[in-house]
Amino acid sequence: MRVSGPAGLLPVLVDSATNIQAVLSPDRTRVAFSSSRNGSFDIYVMDADGKNLRRLTSSPGNEGEPAWTPDGTRIVYASTTGTTAQIAIMSADGGENRQLTIASGGNHSPSVSSDGRTIAFVSARDGNHAIYTMNLDGSNQRRLVKSSARQTNPRFFRNGDLAYVMERGGGSKGNRDGRPPDICPCTPRAK
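Residues numbered from 1 in each chain as written. Predicted model: local features only at pLDDT ≥ 70, side-chain atom pairs only at ≥ 80, totals over all residues. Heavy atoms only, no water.

**Some details on the side chain of Thr-57**
Along the chain, the position of Thr-57 falls in the loop between β4 (54-55) and β5 (62-68). Of the polar contacts made by the side chain of Thr-57, one reaches the backbone nitrogen of Ile-43; its length is 2.9 Å. Not counting residues within four places of it along the chain, the set of residues in contact with Thr-57 comprises Asp-42, Ile-43, Glu-63, Tyr-77, Met-90 and Asn-97. (Helix = DSSP H or I, 4+ residues; strand = E, 2+ residues; numbered from the N terminus. Polar contact = N/O pair within 3.5 Å; in protein donor to acceptor, adjacent residues only side chain to side chain. Contact = heavy atoms within 4.5 Å.)

In structure tokens, the structure reads:
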């Protein structure tokens, strides 16, 4: 969508595939997204104008939720084989793919800090969806906030602070008490 022009959409990729979770690269020249154009969902990258479409993943599972590192050289994403999602990282040109998490319960929704050193993500490894952080190489995985409330959607701000959604009442499609979920800001601190 053009912000400065008249209201309306400017299509950059028009086809019959399901294309979701588009995210601009830090330099705003490329778009990473998940697409089902080859059967399962895979990560693709294209130029911001829709040209030079490239498939980056090709596993039999589903890949999605791409998040760029600030330098634009790598993409962190969720990869699901079977029923359990794990966080993985690859170079933005599609080479060197590496799984970062192995915990049961699933790991998804990665977000990369503005300094490129930390990944925040959601994990259900302790039975409840909670916010975890880890180093970019997958080391130092730790739960950020101790709470029984469901935590989702971690997003880093440019200053390094992290916001996430904490759902009251345990409902994922709204809350039992009728109130909206809380948006919780925090500053991740190394232990």
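**Points about the side chain of Ser-40**
Mapped onto the secondary structure, Ser-40 falls in strand β3 (residues 40-47). At 3.0 Å, the side chain of Ser-40 and the backbone oxygen of Gly-61 are in polar contact. Leaving out residues up to four positions away in the same chain, Ser-40 has contacts with Ser-35, Ser-59, Pro-60, Gly-61 and Asn-62.

**Section: the pairing of strand β13 (residues 150-156)**
Relative to strand β14 (residues 162-167), β13 runs antiparallel, the two sharing five bridges. By the bridge assignment, Arg-150 is partnered in β14 with Glu-167. Connecting β13 to the next strand, β14, in antiparallel fashion are five residues, including Gly-160 with a positive phi near 100°. (Pairing = 2+ DSSP bridges.)

**Re the nonpolar core**
Among the nonpolar cores identified, the biggest contains twelve residues, and these are Ala-67, Val-76, Ile-87, Ile-89, Leu-100, Val-112, Ile-119, Phe-121, Ala-130, Tyr-132, Met-134 and Leu-136. Secondary-structure elements contributing two or more residues to this core are β7 (84-91), β10 (118-123) and β11 (130-135). At three residues, β11 tops the list of elements feeding residues into this core. Those residues in contact with Ala-67, other than ones at most four positions away along the chain, are Arg-74, Ile-75, Val-76, Pro-110, Ser-111 and Val-112. (Core = buried A, V, L, I, M, F, W, Y, C linked by side-chain atoms within 4.5 Å. Buried < 20%, exposed > 50% of the residue type's maximum accessible area, 1.4 Å probe, protein only.)

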